[in-house]
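Letter by letter, the chains look like this.
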Amino acid sequence: MGSGLGRSALVVGGAIGAVAAIFGLSGCVAQPAATPPPVTVFATVTATPTPPPVATAPPAAELEPVAPEPVPNAPAPVVEWGPAYDTGPRPGATATPVLDGNGVPFSYTVVEGDSFFDIAQRFELPQQQLLRMNPQIHDYGETVYIGDLINLDWTKTG
């Protein structure tokens, strides 16, 4: 076997190798990035020039617009719709009408809950036509009273 000196040389040599390995591996660790040098920015501020005032001409005298001459509308035609046709009782028009000899509704007596509009709808008459046939009805048919007699004969008025 060898001397003690050989063994200590191995231990020292191994220690030196380990230290060398540690220093060698320390190069594998990422180094902090170098910060770039600061950048200096120079800015020059200049005033925006104001445009010189522009002389404007005084406004010309404005002419007043002339309205066109009115053109009258033609008178509305009077549409006679013909005889009333009973579509049957409905809410707002529930009474039984009086029929003429041909079975055409002749008159209608207002009962509780009736309205002029619903009566016109029941007998397929425009409300304006029914109003022309019944000049005794006031307020455009807004107020009808129980017992009012409504004319349904389109050839008569009142």
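Provided above is the structure to which this section pertains.
Residues numbered from 1 in each chain as written. Predicted model: local features only at pLDDT ≥ 70, side-chain atom pairs only at ≥ 80, totals over all residues. Heavy atoms only, no water.

Q: Outline the side chain of Asp114, supporting the account with residue identities and numerical values.
A: Looking at where Asp114 falls in the secondary structure, it is placed in the loop between strand E2 (105–109) and helix H2 (116–122). Buried within the structure, Asp114 lacks any salt-bridge partner; Arg122 is the closest side chain of opposite charge, at an N-O distance of 6.7 Å. A distance of 2.5 Å separates polar atoms of two side chains, one belonging to Asp114 and the other to Tyr108. Reaching out from Asp114, the side chain makes a polar contact with the backbone nitrogen of Val111 at a distance of 3.1 Å. Apart from the residues lying within four places of it in its own chain, the contact partners of Asp114 are Gly92, Ala93, Thr94, Ala95, Tyr108, Thr109, Ile119 and Val144. (Helix = DSSP H or I, 4+ residues; strand = E, 2+ residues; numbered from the N terminus. Buried < 20%, exposed > 50% of the residue type's maximum accessible area, 1.4 Å probe, protein only. Lys, Arg positive; Asp, Glu negative; His and termini not counted. Salt bridge = Lys/Arg side-chain N within 4 Å of Asp/Glu carboxyl O. Polar contact = N/O pair within 3.5 Å; in protein donor to acceptor, adjacent residues only side chain to side chain. Contact = heavy atoms within 4.5 Å.)

Q: Account for the packing of aromatic side chains, naming residues and giving values.
A: Under the counting rule described, the total for this entry stands at one aromatic pair. Geometrically, the ring pair formed by Tyr108 and Phe123 is edge-to-face, given 5.7 Å between the ring centres and 70° between the ring planes. With a gap of 15 residues between them, Tyr108 in strand E2 and Phe123 in the loop between H2 and helix H3 (127–133) connect regions that are remote in the sequence. Exposure remark for Tyr108: the relative accessible area of 0% places this residue in the buried category. Of the residues examined, Phe123 reaches a relative accessible area of 0% and is grouped as buried. (Phe/Tyr/Trp six-rings, centres within 6.5 Å; stacked < 30°, edge-to-face > 60°.)

Q: Any details on the nonpolar core? Residues and values, ideally.
A: Counting 17 residues, the largest nonpolar core has Tyr108, Ile119, Leu130, Ile150 and Leu152 as its most contacted members. Secondary structure elements with two or more residues in this core: H2 and H3. The contacts of Leu130, once residues within four sequence positions are left out, are Phe116, Ile119, Ala120, Leu125, Ile150, Asn151 and Leu152. (Core = buried A, V, L, I, M, F, W, Y, C linked by side-chain atoms within 4.5 Å.)

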